[in-house]
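These are the residues of each chain, in order.
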There are 4 protein chains.
Amino acid sequence: MRSFEVKHRTTVDDIRALRLITAIKTPYLPDGRFDLEAYDRLMHMQIAGGAEGVIVGGTTGEGHLMSWDEHIMLIGHTVNCFGSKIKVIGNTGSNSTGEAVHATEQGFAVGMHAALHINPYYGKTSIQGLIAHFDAVMLMGPTVVYNVPSRTGQDIPPPVINALAINPNLAGVKECMGNERIKGYTDKGVVTWSGNDDECHDARWMYGATGVISVTSNLIPGLMHSLMFEGENAVLRDKVMPLMKWLFVEPNPIGLNTALAQLGVIRPVFRLPYYPLPHEMRIEFVRIVKELGRENFVGQREVEVLNDDDFIIVGRY
Amino acid sequence: MRSFEVKHRTTVDDIRALRLITAIKTPYLPDGRFDLEAYDRLMHMQIAGGAEGVIVGGTTGEGHLMSWDEHIMLIGHTVNCFGSKIKVIGNTGSNSTGEAVHATEQGFAVGMHAALHINPYYGKTSIQGLIAHFDAVMLMGPTVVYNVPSRTGQDIPPPVINALAINPNLAGVKECMGNERIKGYTDKGVVTWSGNDDECHDARWMYGATGVISVTSNLIPGLMHSLMFEGENAVLRDKVMPLMKWLFVEPNPIGLNTALAQLGVIRPVFRLPYYPLPHEMRIEFVRIVKELGRENFVGQREVEVLNDDDFIIVGRY
Amino acid sequence: MRSFEVKHRTTVDDIRALRLITAIKTPYLPDGRFDLEAYDRLMHMQIAGGAEGVIVGGTTGEGHLMSWDEHIMLIGHTVNCFGSKIKVIGNTGSNSTGEAVHATEQGFAVGMHAALHINPYYGKTSIQGLIAHFDAVMLMGPTVVYNVPSRTGQDIPPPVINALAINPNLAGVKECMGNERIKGYTDKGVVTWSGNDDECHDARWMYGATGVISVTSNLIPGLMHSLMFEGENAVLRDKVMPLMKWLFVEPNPIGLNTALAQLGVIRPVFRLPYYPLPHEMRIEFVRIVKELGRENFVGQREVEVLNDDDFIIVGRY
Amino acid sequence: MRSFEVKHRTTVDDIRALRLITAIKTPYLPDGRFDLEAYDRLMHMQIAGGAEGVIVGGTTGEGHLMSWDEHIMLIGHTVNCFGSKIKVIGNTGSNSTGEAVHATEQGFAVGMHAALHINPYYGKTSIQGLIAHFDAVMLMGPTVVYNVPSRTGQDIPPPVINALAINPNLAGVKECMGNERIKGYTDKGVVTWSGNDDECHDARWMYGATGVISVTSNLIPGLMHSLMFEGENAVLRDKVMPLMKWLFVEPNPIGLNTALAQLGVIRPVFRLPYYPLPHEMRIEFVRIVKELGRENFVGQREVEVLNDDDFIIVGRY
């Protein structure tokens, strides 16, 4: 099931050229459904801030908390509204090959420009299984392979990436295993994005990375754009480091969700199992914003410290 | 859950102005999945033939044989590829209000220009229930209400339509109860499309109908365009009548599916419970095509009589 | 996908012997989810009242307002809790052959004793399509075919039933087209249940019907049992007729839902598009209960007239 | 949504008493659907071999490759057919709290005796999030919490288990973090099952574990029963060790699937991303079977070395 008609069809090389890709947050209404108006505002902020691509329904966007119909709808929505201005990379990966194949077909059918594919987390598999899984999903269009062993429980080792690199649909790798690993790929001409915000400056300027797939850029797209486009800048890198450390004190997107709510750009609604950062961390965030400068962050409202009972925690969604 | 960002956002008046809307066929691959390449070709033929809108996943498009994720995907796909050239009306109706609400939200989120809504077929309900059902689904955007008692088992009587006409989202009515019923609505200013191809010429030129939502236009879009745009023309009306009679000798889309397969524009694949017309009717179709002129039909291949074993009948899909 | 292990496996002849089958109501919690505690109570009332079988998720049970996972879960639940005391007939029919095949496999896998299958309503099909549809779903176990043209828009004519009667899985027919039609089948040895409560006494005693698949027995199982088991009884028939007329003044299960709520055995929660009967009809119900005798109805609470704002109408479920 | 009617309702103490629980394999037909006949045979072998409980749709049973309707159906099926002879523990856990809540409600509704719950793998969360997740799913009945950081990417640390131990629904913990961790729990009275077959003998007899939730018992239920019931037996432990090492040379259930196919008790069908062990490992398995004694393994056919093209690998399921 494929189509050659989709708008803004994107070549693998177009994807390879992207330097700043944001793993966009999915905001919610108080009953746990998507808040598309807030989502659209976040998308505008990313475009204004210089992001060239978004990951829709990544781990940051809580794709693992979506039904597939929600997920494909959100990809289709993003393409429809913003696809002429920014590249839309749908996270249609899954630890079920069957689901990944189906979702990837659907995602390309609604116009996504590329797919993000994870190795089978939790279930895991053998090297042969890994390759068979990626072969099954990479048929359909430009693909970014995502390696994050701290989540998946299983590293995608370099020989697997090297085997996949023969496939013309491989746009590149989102790599979280550090800059030495990245260098190994970029030395061989495999396009690589850092998946660790705190390492991305060095990855870009010292280890050959093309850019970053970023969480932090949800908050400070302009500064992340500077980091990726304006040359080596250790001062800026060090300046944003406290924010990055804060963001990842608990598993992502807990910090991000808390931050965006305090910046007033999303409603303070969490789908479980995510839970807001504690009060002292929320105070700390306001301090960090003031230090970095409110104007560098998305949104116009004054940053505020939310109270425990400002948050809505949704268990049935 | 709504968005104000969708491309080619369409006003209710834009929908009201459409004269030729095709209830587009959904073609299948041999394993029963959608054949998007064939679908895209059918869409191009409609645009070339002058159709101004399509119903995606209507009864003709076999929406009732789709899972909702397939259905919303197909709407999103159509918007993405053809939404700047033709209006996309998604059939997000259901006899379950819950499903209709959910699907309509999703359909508008992926950019459909209007929704088609049926009354609750099979389950049926009271007049109060009918109005509550339509009220629940008409909140979200321009809406065409569809009345076809021969399928639903329940007429939507004029008082219900009159009650719904207060809602600014009511674009109009697709009416299959005949031209007197249509006249009753058009006299009051309610936009109405004929849902019966064999009555649509008269509906348009003698009873005030705005146009037609057509099955036949899948086959002869140009002639249907003439019927709707070029003034009263009893000669043309009578000339296409044998084709229309042939098309509806069995419940739609049985005739249409058979015809498109014989014209070589789709694969001869049926999802059950649909089943090809018998051989003598297939011979008759070729005769009708020759009489009306092959050049008036979609596709370029020679029309042929398919054999029983040319057809693939799929029960698990 | 089949199993020979299921408990209380039931032969086609066991199904053919049932005289009183209740199309059981599905009750809801205020948020629209199933109220299983109330459901279990209703099931106990049916068993105590003499019902020998239940249809789970029929039109009365609002199967068309369920997701398939809810529907199969409810069948599995009923089998688990009550399958040793009453026959569980799952309505795994659909106008989509694909969905009907999948649901029927699942229903038998969780232990249902027989399947109820409707012809493809709304979509409709040809005679060949009808037979192909039923052939696809009747492979899996004992099957009751259901004919109700006032809902489906298409009669299943006697030649189709006669063709299906060759299939050893055909347990019989639930027929709503009247007692002459029933007689035609029973004369030929096809087991038939009346699908019209008001005609079932005559069907049973004068036209050869085996029994009834009843809505009214949700309310007065004992009296319906008498009607089906204790010989011709025109007095009793006429005595319950006003209740039956009342129940069907609007499309079923609107009357039934209203009645059970007023009897205090379910919460007054409606899934749209169903809507409570108006106040004057609710008063009328109390009068009917008093005339027939509260003790003949399910539940122990005093029957009451509910107010408009006692009812909860759920649109998203 | 709950019911007090389910058959063979099981107390938390009944679950706590189980010593040998098998994480049962799900076998497939060549098109990737479930092979229920083979499944039923496997279940009989487990009952005959002395297993007291099964995990349905665990990681071994490839629950992560099932749609939820398949998963709940399989739980309902197992309860219906075998629930009077063996305890049925449904793996209704998920990294989505919403899905876990829904599935757990449904699993208990169809009669499962207990739920297995994993912490949110891949997505991960904070300690507060972990506790909120477990609180949301443990309301509904007896619960086994499963800790396997090598799959989930996140350890459930002892303070979380200690917090959950207050909940009367906590039956116990399936722990893969080793026998010292197990001892810490059992010293405090928290029932614990070893999740590592190679450590389970020592866990049971030296560290206080109640028993094992086993993969190996799919193959040699009788020997695993001896290990758990017949006292310390280092000889037997060491004798089965080579089989256990072989089984886990690649991520489970790759070895198990290969083994069961070679024993002739399931068809050699794999759902991707699982892929058969290579030929030399398949030869090695036959050697191990002969050494341990064919009679100790499930099935009666001679064990054979399958060839590469004997296996069917299914990507769309």
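Refer to the structure printed above.
Residues numbered from 1 in each chain as written. Chains lettered and ligands numbered in written order. Predicted model: local features only at pLDDT ≥ 70, side-chain atom pairs only at ≥ 80, totals over all residues. Heavy atoms only, no water.

**Student:** Looking at this model, I keep getting lost on the relation of the copies chain C and chain D. Mind explaining?
**Tutor:** Here two copies of a chain appear, and what relates them is a rotation about an axis with a shift along it. Taken as rigid bodies, chain C and chain D are interconverted by a rotation of 180 degrees and an axial shift of 0.0 Å, the fit giving an RMSD of 0.0 Å. In the structure described here, the two chain copies are related by an operation that fits a two-fold rotation axis. Closest approach to the rotation axis within chain C is made by the C-alpha atom of C:Asp69, at a distance of 2.6 Å. With an isologous cut-off of 70% or more, the 100% of interface residues of chain C that recur at the interface of chain D puts this contact in the isologous class. (Least-squares fit on C-alpha atoms with pLDDT ≥ 70 in both. Contact = heavy atoms within 4.5 Å.)

**Student:** What am I meant to see in the interface of chain D and chain A here?
**Tutor:** Often, the extent of an interface is quoted as the loss of accessible area upon association of its parts. Contacts between the two partners involve 42 residues from chain D, matched on the other side by 42 residues from chain A. For the chain D and chain A pair, buried surface summed over both sides reaches about 3,500 Å², with 57% attributable to carbon and sulfur atoms. The largest per-residue losses of area from chain D upon contact with chain A belong to D:Tyr122, D:Arg151 and D:Pro273, which jointly make up 21% of the total buried on that side. Along the contact surface separating chain D from chain A lie two salt bridges. D:Arg316 is the salt-bridge partner of A:Glu105, the closest N and O atoms lying 2.7 Å from each other. At the junction of chain D and chain A, the tally comes to 22 residue pairs in polar contact (both at pLDDT 80 or more). (Buried area = accessible area lost by both parts, 1.4 Å probe. Salt bridge = Lys/Arg side-chain N within 4 Å of Asp/Glu carboxyl O. Polar contact = N/O pair within 3.5 Å; in protein donor to acceptor, adjacent residues only side chain to side chain.)

**Student:** Any chance you could explain the packing of helix H3 (residues 68-82) of chain A against helix H4 (residues 97-109) of chain B here in plain terms?
**Tutor:** When two helices pack together, their arrangement is given by the angle between their axes and by how far apart the axes lie. Two numbers describe how H3(A) lies on H4(B): the axes approach to 8 Å, and their chain directions differ by 25 degrees. For the element pair H3(A) / H4(B), the angle class is roughly parallel. Contact residues: H3(A) offers A:Asp69, A:Glu70, A:Met73 and A:His77, while H4(B) offers B:His102, B:Gln106 and B:Ala109. Looking at side-chain class alone, the contact of H3(A) with H4(B) contains two nonpolar, three polar and two charged residues. (Axes fitted to C-alpha atoms, helices over the stretch in contact; angles between N-to-C directions. Helix = DSSP H or I, 4+ residues; strand = E, 2+ residues; numbered from the N terminus. Parallel < 35°, antiparallel > 145°, perpendicular 65-115°, else oblique. Nonpolar A, V, L, I, M, F, W, Y, C, P; charged D, E, K, R; others polar.)

**Student:** What exactly am I supposed to notice about the sheet that holds strand E8 (residues 211-214) of chain B here?
**Tutor:** Remark on secondary structure: sheet strands pair via backbone hydrogen bonds, oriented parallel or antiparallel. Residue and element names in this part refer to chain B. On the basis of which strands lie adjacent, the closed barrel formed by eight strands has the order E1-E2-E3-E4-E5-E6-E7-E8 and parallel pairing. Shown here is a sheet whose adjacent strand axes are inclined to one another by a mean of 30 degrees, direction ignored. In terms of strand pairing, strand E5 (residues 143-147) meets strand E6 (residues 170-175) through five bridges, oriented parallel. Bridged to Thr143 within E6 is Leu170. Those strands touched by helix H3 (residues 68-82) are strand E2 (53-56) and strand E3 (87-90), and its axis lies near 160 degrees from that of E2. The strands touched by helix H8 (residues 179-187) are E5, E6 and strand E7 (192-194); relative to E7, the strand with the most contacts, the crossing angle is about 160 degrees. (Pairing = 2+ DSSP bridges.)

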